[in-house]
Amino acid sequence: MMAGAVLTQNTAWTNVGKAIANLRRARRLTPARMHALSLPDLAALIRPAGTFRVKARRLHALTGLVCDRFGGSLDRLFALGTADLRAALLGTHGIGPETADCILLYAARRPVFVVDAYTRRVALRHGWAAAGASYDDLAALFAAPLPRDTA
């Protein structure tokens, strides 16, 4: 899930699926195994996802967070409180608010609202937010009326 959140940046999911299939076939779809790859080898495996050199660096940074700070354990990473986990993700090269929130919601099962381009467009067209509204402002706008559970 975490790899998919990075790979889907500016890419159609069908191509991300091909890159994930490559990682799975190569038996590299764990943080430790992915982090052990050289950047060129990782880039070759994720090539179908586009901008593969950039995404290889981002994946390497993300897997480095898991491996270097949390001993390769997603359980230890996900034991952080939501605010601390989000801060750790946002402090990782190439992980912005949308990607961090995707990881929080889908991988860590935290009740956050993911703002994407469509969410922003709806909010702006209906006059619910100003054109300069930040990601966090939009997330708060949509999350406020929702129950605090992932469902």
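Presented here is a report on the structure given in the accompanying data block. These numbers were taken from a predicted model, which means no experiment stands behind them.

Comments concerning the packing of helix H4 (residues 39-46) against helix H5 (residues 52-70)
Contact geometry for H4 and H5: axes closest at 8 Å, N-to-C directions at 115 degrees. Of the two possible hands of crossing, H4 and H5 adopt the one that is right-handed. Counted together, Leu 39, Leu 42, Ala 43 and Ile 46 of H4 and Phe 52, Arg 53, Lys 55, Ala 56, Arg 57, Leu 59 and His 60 of H5 form the full contact between these two elements. Here the contact of H4 with H5 is composed, by residue class, of seven nonpolar, one polar and three charged.

Details of unusual backbone geometry
At Asn 10, a residue that is not glycine, the phi angle is positive and equals roughly 55 degrees. Counting through the fold element by element, Asn 10 comes out in the loop between helix H1 (2-7) and helix H2 (13-25). Relative accessible area serves as the criterion here: at 82%, Asn 10 is assigned to the exposed category. Even without glycine at this site, Arg 27 takes up a positive phi of about 60 degrees. Structurally, Arg 27 can be placed in the loop between H2 and helix H3 (31-35). Look at Arg 27 and you get exposed, because its relative accessible area is 60%.

Re helix H7 (residues 82-90)
Within the span of H7, buried status applies to Leu 85, Arg 86, Ala 88 and Leu 89. The buried residues of H7 occupy one face: seen down the axis, they fall within an arc of 160 degrees. Exposed side of H7, more than 90 degrees from the buried face: Ala 83 and Asp 84 are the residues found there. On the buried face of H7, the contacting elements are H5, helix H6 (74-78), helix H8 (97-107) and helix H10 (135-143).

Calculation notes
Residues numbered from 1 in each chain as written. Predicted model: local features only at pLDDT ≥ 70, side-chain atom pairs only at ≥ 80, totals over all residues. Heavy atoms only, no water. Axes fitted to C-alpha atoms, helices over the stretch in contact; angles between N-to-C directions. Helix = DSSP H or I, 4+ residues; strand = E, 2+ residues; numbered from the N terminus. Left-handed = near helix turned anticlockwise from the far one by under 90°. Contact = heavy atoms within 4.5 Å. Nonpolar A, V, L, I, M, F, W, Y, C, P; charged D, E, K, R; others polar. Buried < 20%, exposed > 50% of the residue type's maximum accessible area, 1.4 Å probe, protein only. Arc of directions from axis to C-beta.

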